[in-house]
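Breakdown of the fold
Listed here are the chains, written in short residue letters.
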Amino acid sequence: MLPENLKAGIEAEISNLSLRELGETHADLSKRYRKGDRSIEKQYVSSQQHRQAYLSARLPATFAAVYRVLQEIQRVIPALSIRSLLDLGAGPGTAMWAAGSLFSDLESVTLIEQDPAFIAMGKRLASHALSHALQAASWQQKDLQQVCELSAHDLVIFSYSIGELKENMFSSIIDQAWQQVRQVLVIIEPGTPQGFRRIRASREQLIKNGAHLIAPCPHADRCPIQDPDWCHFSQRLERSSTHRKIKQGSMSHEDEKFSYIAVSKIAFSLPQSRIIRHPQRHTGHVDLRLCTDNGKIETVTFSRKDELYRSVCKADWGDPLF
Ligand SMILES: C[S@@+](CC[C@H](N)C(=O)[O-])C[C@H]1O[C@@H](n2cnc3c(N)ncnc32)[C@H](O)[C@@H]1O
């Protein structure tokens, strides 16, 4: 799924480090994220080795989550045409690569990122891209928490970035971003209870601002998922041998858990429901945990007798049922 030219760019960026160094730095970075430790320079990613570890061990997973979310949006809006992208808290430009893989009409990209070294890395990676939009992207070193002029774009994305903003800044930054959306706003967070709480709060705020839901929710009523439960999804991604060694894992894949919300300026018809857990498959029937268009969570059993049984058997966690 990760574009070959992006893989080549990442290999070039990490070539001066041994797998042991990348593995140790990745372990340190994961610990900082888990503990909420931003002691050095108030950033989680705060050294060049951290950035290199991020590229090799986290970017493939955040790319996979963004790609999946954009595909879910395309399922609801098949004719969606995205010409311009604004990526807020862009890091090395992960979301731009995912959007570039899916929207062939992408013409211009603006990336806002506070860290100049991530920007330098992102520009070097983009030099490997085939797309002119990615190569010519406008990188702007800005702190989203300072007064920050943003301009209107078709698609605006926060990918794994709102959780790094101060809680008291959060809602004003989302308001500001929403004002710059021409078509679609996407917010993706880690699929943890904290990540989901931020997504649920953003959802409420955006609905109050007149946003129309695209995914994952099939309705705009109050979110039926309350603490300690959380709404999240999972995207499987292949691990390269480097990726596997850095994470000291034996599996050839990993499952990235994420929570998200996608909204638009105009209303589209939504699916009847969305599968919010792994389907429980049994002989002759399948149980699906669904968020439904009546604003409720329901477990529904489909048996061989049901008309939808064949299509439901192929459906997976996160898929919509139309
Ligand atoms: C976890 S990384 C995500 C990077 C990328 N969006 C991705 O999905 O891989 C979070 C990024 O948000 C950036 N960030 C955090 N707070 C920011 C702020 N106040 N202004 C601009 N960028 C910020 C960080 O520097 C970091 O690059």
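Up top is the structure these notes are about.
First, a word on what this report is: a plain description of the structure on this page.

Reading guide: rules and limits
- Residues numbered from 1 in each chain as written.
- Predicted model: local features only at pLDDT ≥ 70, side-chain atom pairs only at ≥ 80, totals over all residues.
- Heavy atoms only, no water.
- Core = buried A, V, L, I, M, F, W, Y, C linked by side-chain atoms within 4.5 Å.
- Buried < 20%, exposed > 50% of the residue type's maximum accessible area, 1.4 Å probe, protein only.
- Helix = DSSP H or I, 4+ residues; strand = E, 2+ residues; numbered from the N terminus.
- Near = heavy atom within 4 Å.
- Nonpolar A, V, L, I, M, F, W, Y, C, P; charged D, E, K, R; others polar.
- Salt bridge = Lys/Arg side-chain N within 4 Å of Asp/Glu carboxyl O.
- 1 Å grid on protein atoms, 1.4 Å probe; cavity = no way out; pocket = protein on both sides within 12 Å on 5 of 7 lines; lining within 4 Å.
- Points joined across faces, edges and corners; volume = space filled by probe spheres on them.
- Pairing = 2+ DSSP bridges.
- Polar contact = N/O pair within 3.5 Å; in protein donor to acceptor, adjacent residues only side chain to side chain.

The next subject is the nonpolar core. By size, the foremost hydrophobic cluster in this structure holds 90 residues, and its most contacted members are Leu70, Ile73, Met96, Leu185 and Val186. The element best represented in this core is helix α3 (residues 48-76), accounting for twelve residues. Formed by nine residues, the second largest nonpolar core is a distinct cluster that contains Leu290, Phe302, Ala315 and Leu321.

Take the site of the ligand next. What surrounds the ligand is a group of 19 residues, the closest being Tyr54, Thr94, Glu113, Asp143 and Ser159. Considering only residue class, the shell around the ligand consists of seven nonpolar, eight polar and four charged.

This part takes up the pattern of salt bridges. Scanning the model with the defined rule gives 19 salt bridges in all. Where Lys7 meets Glu4, a salt bridge forms, and the shortest distance between an N and an O atom there is 3.0 Å. Of this pair, Lys7 and Glu4 both sit in helix α1 (residues 4-14), three residues apart, which is roughly one turn of that helix. A salt bridge links Glu24 to Arg20; the nearest nitrogen and oxygen atoms lie 3.2 Å apart. With a gap of four residues between them, Glu24 and Arg20 both fall in helix α2 (residues 19-35), about one helical turn apart. Since its relative accessible area comes to 47%, Glu24 is described here as partly exposed. In this structure Arg20 comes out as exposed when scored by relative accessible area, which is 56%. When salt bridges that share partners are traced, they join Arg68, Glu72, Arg75, Arg274 and Asp319 into one network.

Considered as a void within the structure, the second largest pocket measures approximately 390 Å³ in volume. What lines the second largest pocket is a set of 18 residues, among which Leu2, Lys7, Pro60, Glu238 and Ser240 lie closest to the centre. With five residues, α3 is the largest single contributor of residues to the lining of the second largest pocket. Its residues assigned to classes, the lining of the second largest pocket shows nine nonpolar, four polar and five charged.

Okay, the pairing of strand β12 (residues 297-303) next. Two strands pair when backbone bridges link them, and strand β11 (residues 285-292) and β12 are joined in this way by seven bridges, in the antiparallel orientation. Bridge pairing in β12 places Cys291 opposite Ile297. Between β11 and the antiparallel strand that follows it, β12, lie four residues; Gly295 among them carries a positive phi value of about 80°.

This part covers the pairing of strand β8 (residues 253-264). Across the twelve residues of β8, ten count as buried, placing the element largely inside the fold. Pairing of strand β5 (residues 181-190) with β8 involves seven bridges; the strand directions are antiparallel. Paired with Val186 across the bridge in β8 is Ala262. Two elements, strand β6 (residues 212-215) and β8, share three bridges in a ladder whose sense is antiparallel. Following the sheet pairing, His212 is matched in β8 by Ser264. The sheet contact formed by strand β7 (residues 233-238) and β8 spans six bridges and is antiparallel. Looking at the pairing, Leu237 lines up with Glu254 of β8.

Looking now at the environment of Ser47. Position of Ser47 among the secondary structure elements: in the loop between α2 and α3. Given the relative accessible area of 28%, Ser47 is considered partly exposed. Sequence separation between Ser47 and Leu29 is 18 residues, and the spatial gap between their C-alpha atoms is 9.9 Å. Among the polar contacts made by the side chain of Ser47, one reaches the main-chain amide nitrogen of His50 at a distance of 3.0 Å.

Scanning all chains against the criterion turns up one cavity of 30 Å³ or more. The volume enclosed by the largest cavity comes to roughly 160 Å³. In this structure, the largest cavity is lined by 18 residues; those nearest its centre are Phe196, Pro216, Cys217, Cys223 and Cys231. Only α8 (193-208) and β8 provide two or more residues apiece to the lining of the largest cavity.

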